[in-house]
Amino acid sequence: MVLSCSDFSDQHLRGGIPPETANLQYLTKLYINDNKLEGPIPTFLGEMKSLNELDLGGNWFTGSIPPALGSLPSLQLLFLHNNLLSGGIPPQLGNLTSLVQLDLSDNQLSGVLPQELGHLKNLKYLWLINNNFIGELPQSLAALRKMVNLFIFGNSFSGRIPDYIAKWENLKYLGLIGNSFEGPFPDALSSLNLSELHVSDLTGSSEGGGFLFPDISGMTSLEWMDLSFNNLSGEIPAFMDSRNLQYL
């Protein structure tokens, strides 16, 4: 019998991932999330070529994300959230062209996002919440046309919110809160029919001293909107009365 799925989530495991794990060459799913595993993420995980889901979230892993993880050609899900990882995102993760979900939230990751992330053309869900990333969102991300959810709360991203986000026709959840993006909110994004919109702390100001309320008239499915701390001015548009908003 060939083992294809191994689920050790929430088992109060301690220590590190044993090297013998690399012998499970037919394993497609490995869940070791929500334990107390520590130390660096082992590079031998990059030898497990059959993996399509790898969840190491909710542990005490330290050190950097090993570039060897970029050697998993079938990987569709990579969850490394809620650890103590530091350093930048290795450009080698751009080799994971089958990747659909990537969660690196709640770590101590830093630096600019590598251009190579734009190679992840099947990516639908990207969570980078509560890290120390800086700089502008790279132009290469324009290629991520299947994106459904982009949550990058609590970093130090800067520059303008890219207009190319408007071409992500499948996008439903956009979260940019707690960064240093420059205002105003791009008019181009009004074409998106989002379910959730979170944008705060826009820097700069218009000639009138504040930013006008963004044009979200096309977002007829909007249920959750947070536009805190954006120095908005003027009246709230009348079309807001017809929204299905549950949180404002």
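Described in the following lines is the structure provided in the data block. (Residues numbered from 1 in each chain as written. Predicted model: local features only at pLDDT ≥ 70, side-chain atom pairs only at ≥ 80, totals over all residues. Heavy atoms only, no water.)

Points about the sheet that holds strand β19 (residues 224-226)
In step 1: As summarised here, the arrangement of the 10 strands in space is β1-β3-β5-β7-β9-β11-β13-β15-β17-β19, forming an open sheet in which the pairing is parallel. One side of each edge strand has no neighbouring strand; the edge strands of this open sheet are β1 (5-7) and β19. If you compare each strand with its neighbour and ignore which way they point, the axes differ by 10° on average.
In step 2: The pairing of strand β15 (residues 173-175) with strand β17 (residues 196-198) spans three bridges and is parallel. Counterpart to Tyr-173 in the pairing with β17 is Glu-196. (Pairing = 2+ DSSP bridges. Helix = DSSP H or I, 4+ residues; strand = E, 2+ residues; numbered from the N terminus. Axes fitted to C-alpha atoms, helices over the stretch in contact; angles between N-to-C directions.)

Here we look at the packing of aromatic side chains
Where two aromatic rings form a pair, the distance of their centres and the angle of their planes describe that pair.
In step 1: The tally for this structure, following the rule as stated, stands at six aromatic pairs.
In step 2: An angle of 25° between the planes, with centres 4.9 Å apart, marks the rings of Phe-151 and Phe-153 as stacked. One exposure class covers both Phe-151 and Phe-153, and it is buried.
In step 3: Geometrically, the ring pair formed by Phe-157 and Phe-181 is stacked, given 6.4 Å between the ring centres and 15° between the ring planes. (Phe/Tyr/Trp six-rings, centres within 6.5 Å; stacked < 30°, edge-to-face > 60°. Buried < 20%, exposed > 50% of the residue type's maximum accessible area, 1.4 Å probe, protein only.)

Concerning empty space enclosed by the protein
In step 1: Scanning all chains against the criterion turns up one cavity of 30 Å³ or more.
In step 2: The space that makes up the largest cavity amounts to roughly 50 Å³.
In step 3: Looking at the largest cavity, the residues that line it are Pro-184, Phe-185, Val-199, Leu-202, Phe-211, Leu-212, Pro-214, Leu-227, Asn-230 and Leu-232.
In step 4: Considered class by class, the residues forming the lining of the largest cavity number nine nonpolar, one polar and no charged. (1 Å grid on protein atoms, 1.4 Å probe; cavity = no way out; pocket = protein on both sides within 12 Å on 5 of 7 lines; lining within 4 Å. Points joined across faces, edges and corners; volume = space filled by probe spheres on them. Nonpolar A, V, L, I, M, F, W, Y, C, P; charged D, E, K, R; others polar.)

Nothing here speaks to function; it is all geometry.
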